[in-house]
Amino acid sequence: MGIGGVGIEDGRALLIRRGSEPLLGQWSIPGGTLELGETLVEGTERELQEETGLAVKVLDMIEVFERINFGRGADETWKTAEEKRRPRFHFVIVDYLCERIAGTPVAGGDVTEVAWAVESDLEKFELTPTATRVIRKAFSLFRGRK
């Protein structure tokens, strides 16, 4: 189970660059895996604290989706054709709109960089189509809350 949080502030969304698989080196939405016994909201708050240094309040659910990654990591080789067809990661992810309560964004955990992006600049970060869709929905939800 994966969780993520889209923080929007001053017309910008907070993005992170992943330091580990899946999506190693790519810009994405802050988040990670839910820990046993943790609620979705608790996990989202924890992951944003770990990855960005921010204390957040979870506001609204944006979307639930699946991510299935086939293939291998940069340091792995396939032994058989069967291994090529096996999923490497399979996540069900729930993303939430969040607001900052406290803190200054800083890369933490397995994150190598953080950045604020206005909606019109999302393409520059080469996000996955799903992450782009979720962030655009977050901007829309945020505007609707005003």
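Scroll up a little and you will see the structure.
Note that the structure is a prediction, hence the values are computed from the model and not measured.

One pass over the structure, following the stated rule, counts two aromatic pairs. Ring centres 5.2 Å apart and planes at 85° place the aromatic pair Trp27 and Phe125 in the edge-to-face group. Highlighted residues: Trp27 in strand S3 (residues 27–28) and Phe125 in the loop between strand S7 (111–118) and helix H3 (129–145), separated in sequence by 98 residues. Across the pair, Phe125 and Trp27 agree in class, each one buried. Ring centres 5.9 Å apart and planes at 15° place the aromatic pair Phe89 and Phe91 in the stacked group. Given a relative accessible area of 17%, Phe91 falls into the buried group.

The next thing to look at is the pattern of salt bridges. Counted by the stated rule, this structure contains 15 salt bridges. One salt bridge connects Glu63 with Lys137, and the closest N-O pair in it is separated by 2.8 Å. Of this pair, Glu63 sits in strand S5 (residues 55–70) while Lys137 sits in helix H3, placing them 74 residues apart in sequence. Given the relative accessible area of 10%, Glu63 is considered buried. Its relative accessible area of 36% is what places Lys137 among the partly exposed residues. Salt-bridge contacts for Lys124 lead to Asp121; the nearest nitrogen and oxygen are separated by 3.2 Å. For Lys124, a relative accessible area of 66% translates into the label exposed. Asp121 gets classed as partly exposed once you look at its relative accessible area, which sits at 25%. Overlapping salt bridges bring together Glu35, Glu38, Arg46, Glu47 and Glu50 as one network.

Here is what the cut-offs are and how they apply
Residues numbered from 1 in each chain as written. Predicted model: local features only at pLDDT ≥ 70, side-chain atom pairs only at ≥ 80, totals over all residues. Heavy atoms only, no water. Phe/Tyr/Trp six-rings, centres within 6.5 Å; stacked < 30°, edge-to-face > 60°. Helix = DSSP H or I, 4+ residues; strand = E, 2+ residues; numbered from the N terminus. Buried < 20%, exposed > 50% of the residue type's maximum accessible area, 1.4 Å probe, protein only. Salt bridge = Lys/Arg side-chain N within 4 Å of Asp/Glu carboxyl O.

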